[in-house]
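# Architecture at a glance
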Amino acid sequence: MLTAISMSAIATNGVVPAGGSYYMISRSLGPEFGGAVGLCFYLGTTFAGSMYILGTIEILLTYIVPKAAIFVAERKEDQVDALLNNMRVYGTCCLVLMSLVVFVGVKYVNKLALVFLACVILSILSIYAGVIKSAIEPPDFPVCFLGNRTLHNQKFDKCLKTQEVDNLTVTTQLWGLFCESADLNATCNNYFSNNNVTEMQGIPGLLSGVISENMWSAYAPLDMIVEDKKLQSVPSAESPQDIYMPYVVNDITTFFTLLVGIYFPSVTGIMAGSNRSGDLRDAQKSIPIGTILAIATTSFIYVTCVVLFGACIEGVLLRDKFGDSVKGNLVIGTLSWPSPWVIVIGSFFSCCGAGLQSLTGAPRLLQAIARDGIVPFLQVFGHGKANGEPTWALLLTGGICEIGILIASLDSVAPILSMFFLMCYLFVNLACAVQTLLRTPNWRPRFKYYHWTLSFLGMSLCLAIMFISSWYYAIVAMVIAGCIYKYIEYRGAEKEWGDGIRGLSLNAARYALIRLEDAPPHTKNWRPQVLVLLNLDSDQNVKHPRLLSLTTQLKAGKGLTIVANVMEGTYLTKDAEAKRGEQNIKVCMSAERTKGFCHVVVSSNLRDGVSHLIQSAGLGGMKHNTVLMAWPGTWKQANDPQSWKNFIETIRETTATHHALLVAKNVDSFPTNQERLGEGTIDVWWVVHDGGMLMLLPFLLRQHKVWRKCKMRIFTVAQMDDNSIQMKKDLQMFLYHLRLDAEVEVVEMHDNDISAFTYEKTLVMEQRSQMLKQMQLSRTEREREIQSITDESRSSIRRKQQQPTAEQSCSLSHSRHSSTADDNQEDEAQLIHDRNTASHTAINDKAEATPEHVHMTWTKDKLFTERRHREFNANVAVRDLFNMKPNQSNVRRMHTAVKLNEIVVNKSQGAHLVLLNMPGPPKNCGGDENYMEFLEVLLEGLNRVLLVRGGGREVITIYS
């Protein structure tokens, strides 16, 4: 009744087309729950059809035409097997006949249902009439007992040991069953000899008071003799021959939970009307009224029948399952009035009608699931005849129903049915409760007599009965439903039905976001929440899909990932392109298995769009803390210098907002998710403490199967006056406390003179920068002029014979020890980070301050072969622009970049990945192009490089 109330509320909250309970659950809890529970309910309904057909055949062969049995048992032990084999043969024939009726059309099923209903009503009325008659004149229905044991009276006609015939005492047929011969002095069974034979009326009547004895349970194990405890009995030693004596025994072990499971399918018909919702004229009106009235009527009949049977019939006869003690006669038939045939015919047609209803409802349920397309391989069963009859679904239903018939044992089929039906009822109650608690605007059922507490009570009772009936069948049913759920989740079509689970997710997300807003995450909970800045080509396709591969390998589905792109223009003119680009990004994310969100922003210029994304992407506490982008590989060839200017401004933005920054160079050479890197290394060049980002990133990457076999190496740079041995020990101890496995190597950098190549590289860099500032030409003219001047500059420099030597300095690294600067040194290079991870703003302020003595960091191979053979010739007159001398600070920066690159290439050229600190850009925008040149020189000759710039906070800790 509780389930019917919940179902009525859902059914009156809108139109309910074909599918019934499946439609209600799927539209309330989503396609995954709807499909899983719907398929289980379909299997339950199909097996119920098997059970009803088996019941039909059992009535036919036991009470109507017993002589029609094909298999006849010669021994008592084989009677059950013979009956099951007969039920298999006749059940298959009955299934074929019923399937043909359903195939012809549902209208014929409805016409037959009226005939069946009339027979059922007549049989029910005859039971009440017989109960009333039993109070006045109980029927003659004797049961024979030996002591207190109930006897199987199929092979004897009189309940007597001996009888008087012509004044002679002779033995009866019962005597021959317990004794070796018919002689009075024959050896007999001990229990037979010690106890008397008595006869008792099996149906003493309504006023007999037998209900007081039947109020209490009498559960018994398998093969235990059915006894009447109120009769006298002389116990005797048990004999192995007792199993061959004509006693009535239990065919199964009985206990409460088993009987609940067997009885429960008799009350599972409440979904019969909803299963045919597509055939109802007004489902919103018919389902609530019909279901509730049906439950009220049947509940009244069931309860009164149980009470009246207990008040009229002896308990031993009620426990005699097959009526062996009354020659196989139908007990309820004997009780009824006017004739037992009314009950037999009514039971027969009742089972027939229930079987037809199952064969009618189950295919329609399967057809509704197939047409929704949530299970791809079932879509063929969505087709049918021109009038909508589910032909293919009926064939599958008949096949599954045949499996139940071949099982043949009703007691084996019943618990399976109970699990599937109870699971369906559970989720109907859950769907109503969820919709009521969410209070969605669309939840406006016309049925008002419901409450979420009733739904939860019904759900709890369903779950309890599942485990009470059979805990192992309950677990099996849940596993089956879980497997179907996961299959639909991963392989089924995505459906948006406005279900309650989505509403629950929104509420849970809102609650979690509000909680996250309270405080920033602790260092132990810190992980990269990445904002990926993607570039799209002119066709709105992703330029660097490997950037998403790197994101997947770094994140492994954990934390927040926002994939974003900025499109230049106005949204009114670019909306179609933006949507197409967003769709392409989602397709690429799916291909690369990147779990996250996608967002395309249209802005008047790229710079503002990126700035807005960095500032405002995310929501509440779920905001990004790391920005991942690709290195602008074509920044030198770009027609518009905005490409590298936007890149540098993005670095400044992330520094100002205290976000970590990851820049992947040569990102197209990074491995895909399908690759498996072999033995190799991930090299970390750790110069400054950036909060632990350089330590954490390799650990996260190695959690993914692509990088799992790679080892981690950490390089740190020392000057000649540093204690390299102590530095290595300290770093190893630090890694031990961080629980990281890595090799440690301290690299010493030697001071030497600035090379001619470094001087040349600096001069060319400054000349190009100066030309761009001086020329006020059109873009085309500027490009032509820059190219000609650059060519002349390089040829002029080659003719120089000497270059002035600059004093050596070091830059692009972090200062470890303060010292007094030389008087002739000019401005020092900008530092990457403060020693104690001070804010980047403070560091930028230090850039122009009094220089400190800084340690060397990374270098590269100083000269390639072709550069070593260059000859520098001087004394050649060129235009005034080429008579300028390079800035000494730039020379020192270039020298440091070349030396660092030389060492990194020497140590890590064969590494699978190189991670190194990213120097900060200059405070003044005037040196931006020089900054790009420095980075280009620093990274030259390396394949996969990930530049890392910390966000100004600790991201890894030694504490638990």
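Quantities reported herein were computed from a predicted structural model and do not represent experimental measurements. (Residues numbered from 1 in each chain as written. Predicted model: local features only at pLDDT ≥ 70, side-chain atom pairs only at ≥ 80, totals over all residues. Heavy atoms only, no water.)

Further remarks concern the overall build of the protein. Scanning the protein from N- to C-terminus turns up 31 helices and 16 strands. Here the protein holds 960 residues, and 50% of them are scored as buried. Intrachain contacts of the protein at a sequence separation of at least 6 include 81% that bridge at least 24 residues. If you sum the accessible surface of the protein, you get close to 46200 Å²; carbon and sulfur atoms cover 57% of it. (Helix = DSSP H or I, 4+ residues; strand = E, 2+ residues; numbered from the N terminus. Buried < 20%, exposed > 50% of the residue type's maximum accessible area, 1.4 Å probe, protein only. Contact = heavy atoms within 4.5 Å. Areas by Shrake-Rupley, 256 points an atom, 1.4 Å probe, with all protein chains shown as cover.)

Another aspect to go through is the UniProt feature "transmembrane region" (unreviewed entry) in the protein. Here the UniProt-annotated "transmembrane region" (unreviewed entry) positions come out as residues 41-66, 87-106, 112-131, 252-272, 292-317, 392-410, 416-438 and 450-474. The annotated region residues 252-272 carries 43% helix and 0% strand content, and the separation between its end C-alpha atoms amounts to 30 Å. (UniProt positions renumbered as here; feature names shortened; annotations may be inferred.)

Inspection of the entire model under this criterion finds 2 disulfides. What pairs with Cys 144 in a disulfide is Cys 159, and their sulfur atoms sit 1.9 Å apart. Linking Cys 144 and Cys 159, the disulfide has an S-S dihedral of approximately 80° and is accordingly described as right-handed. Taken together, the positions of Cys 144 in strand 1 (residues 142-146) and Cys 159 in the loop between strand 2 (149-150) and strand 3 (162-165) put the pair 15 residues apart, joining distant regions of the chain. The class of Cys 144 is buried, set by a relative accessible area of 3%. Residue classification places Cys 159 among the buried positions, given a relative accessible area of 11%. Shown here is the disulfide that connects Cys 179 with Cys 188, its sulfur atoms set 1.7 Å apart. Handedness here is read from the sign of the S-S torsion; for Cys 179 and Cys 188, about 100°, the answer is right-handed. Residue Cys 188 is classed as buried on the basis of its relative accessible area, which comes to 15%. The connectivity of the disulfides in the protein is 1-2, 3-4, where the numbers refer to bonded cysteines in sequence order. Cys 352 provides the cysteine sulfur closest to Cys 119, a residue in no disulfide bond, and the two sulfurs are 10.0 Å apart. (Disulfide = S-S within 2.5 Å.)

Moving on, we get to the pattern of salt bridges. Counting across every chain of the model gives 16 salt bridges. In this structure, Lys 230 and Asp 228 form a salt bridge, with 2.7 Å as the shortest nitrogen-oxygen distance. In this structure Lys 230 comes out as partly exposed when scored by relative accessible area, which is 39%. (Salt bridge = Lys/Arg side-chain N within 4 Å of Asp/Glu carboxyl O.)

Another aspect to go through is the packing of helix 9 (residues 256-263) against helix 17 (residues 452-469). Across the interface, helix 9 lies against helix 17 with an axial gap of 8 Å and an inter-helix angle of 115°. On helix 17, the residues touching Phe 256, Thr 257, Leu 258, Val 260 and Gly 261 of helix 9 are Ile 465, Ile 468 and Ser 469. Looking at the contact of helix 9 with helix 17 residue by residue, the class counts come to 5 nonpolar, 3 polar and no charged. (Axes fitted to C-alpha atoms, helices over the stretch in contact; angles between N-to-C directions. Nonpolar A, V, L, I, M, F, W, Y, C, P; charged D, E, K, R; others polar.)

The biggest cluster of nonpolar side chains holds 65 residues, and the ones touching the most others in it are Met 271, Cys 424 and Tyr 425. Ignoring anything within four residues of it in the chain, the contact list for Tyr 425 reads Thr 3, Phe 264, Val 267, Thr 268, Ile 270, Met 271 and Cys 462. (Core = buried A, V, L, I, M, F, W, Y, C linked by side-chain atoms within 4.5 Å.)

Once that is clear, we can look at a nonpolar patch on the surface. On the surface, a nonpolar cluster with roughly 660 Å² of combined accessible area is contributed by Leu 463, Phe 467, Trp 471, Tyr 472, Ile 475, Met 478 and Val 479. Going through the elements one at a time, helix 17 and helix 18 (471-491) are the ones with two or more residues in the nonpolar patch. In terms of residue count, helix 18 provides more of the nonpolar patch than any other element does, 5 residues in total. Here Phe 467 lies in helix 17. (Patch = residues over 30% accessible without salt bridge, like charges linked within 9 Å, V, L, I, M, F, W, Y side chains within 5 Å.)

Along the chain, the position of Thr 12 falls in the loop between helix 1 (2-11) and helix 2 (21-29). A relative accessible area of 6% means that Thr 12 is categorised as buried. A distance of 2.8 Å separates the side chain of Thr 12 from the backbone oxygen of Ser 8, its partner in a polar contact. Setting aside residues no more than four positions away along its own chain, Thr 12 makes contact with Gln 284, Pro 288, Arg 444, Pro 445, Arg 446 and Phe 447. (Polar contact = N/O pair within 3.5 Å; in protein donor to acceptor, adjacent residues only side chain to side chain.)

Counted according to the given criterion, the structure contains 3 cavities of 30 Å³ or more. Space inside the second largest cavity adds up to approximately 40 Å³. Residue assignment for the lining of the second largest cavity shows that the elements contributing at least two residues are helix 4 (79-104) and helix 15 (391-407). Taken together, the residues of the lining of the second largest cavity break down into 4 nonpolar, 1 polar and 2 charged. (1 Å grid on protein atoms, 1.4 Å probe; cavity = no way out; pocket = protein on both sides within 12 Å on 5 of 7 lines; lining within 4 Å. Points joined across faces, edges and corners; volume = space filled by probe spheres on them.)

This part covers the environment of Gly 355. Position of Gly 355 relative to the elements: it lies in helix 14 (residues 340-372). For the pair Gly 355 and Gly 49, spaced 306 residues apart in sequence, the C-alpha separation works out to 4.6 Å. Other than its neighbours up to four places away in sequence, Gly 355 contacts Tyr 52 and Met 98.

Taken in spatial order, the 3 strands line up as 2-1-5 in an open sheet, and their pairing is antiparallel. Either end of the sheet is taken by a strand with one partner, and the two such strands are strand 2 and strand 5 (197-201). Where strand 1 and strand 5 come together, 5 bridges link them in antiparallel fashion. Pairing of Pro 142 across the sheet is with Gln 201, part of strand 5. (Pairing = 2+ DSSP bridges.)

Moving on: the pairing of strand 11 (residues 680-685). Of all 6 residues in strand 11, 6 are buried, a share of seventy percent or more. Here strand 11 shows two buried faces, one formed by Gly 680, Ile 682 and Val 684 and the other by Thr 681, Asp 683 and Trp 685. In the sheet, strand 11 pairs with strand 12 (residues 710-718) via 6 bridges, with the strands oriented parallel. Among the inter-strand pairings, Ile 682 is bridged to a residue of strand 12, identified as Met 712. Here strand 11 runs beside strand 15 (residues 913-917); their pairing, made up of 4 bridges, is parallel.

Structurally, Ala 296 is set in helix 11 (residues 283-312). Residue class for Ala 296 comes out partly exposed when judged on its relative accessible area of 39%. In this structure the C-alpha to C-alpha distance between Ala 296 and Met 1, which are 295 residues apart in sequence, comes to 8.0 Å.

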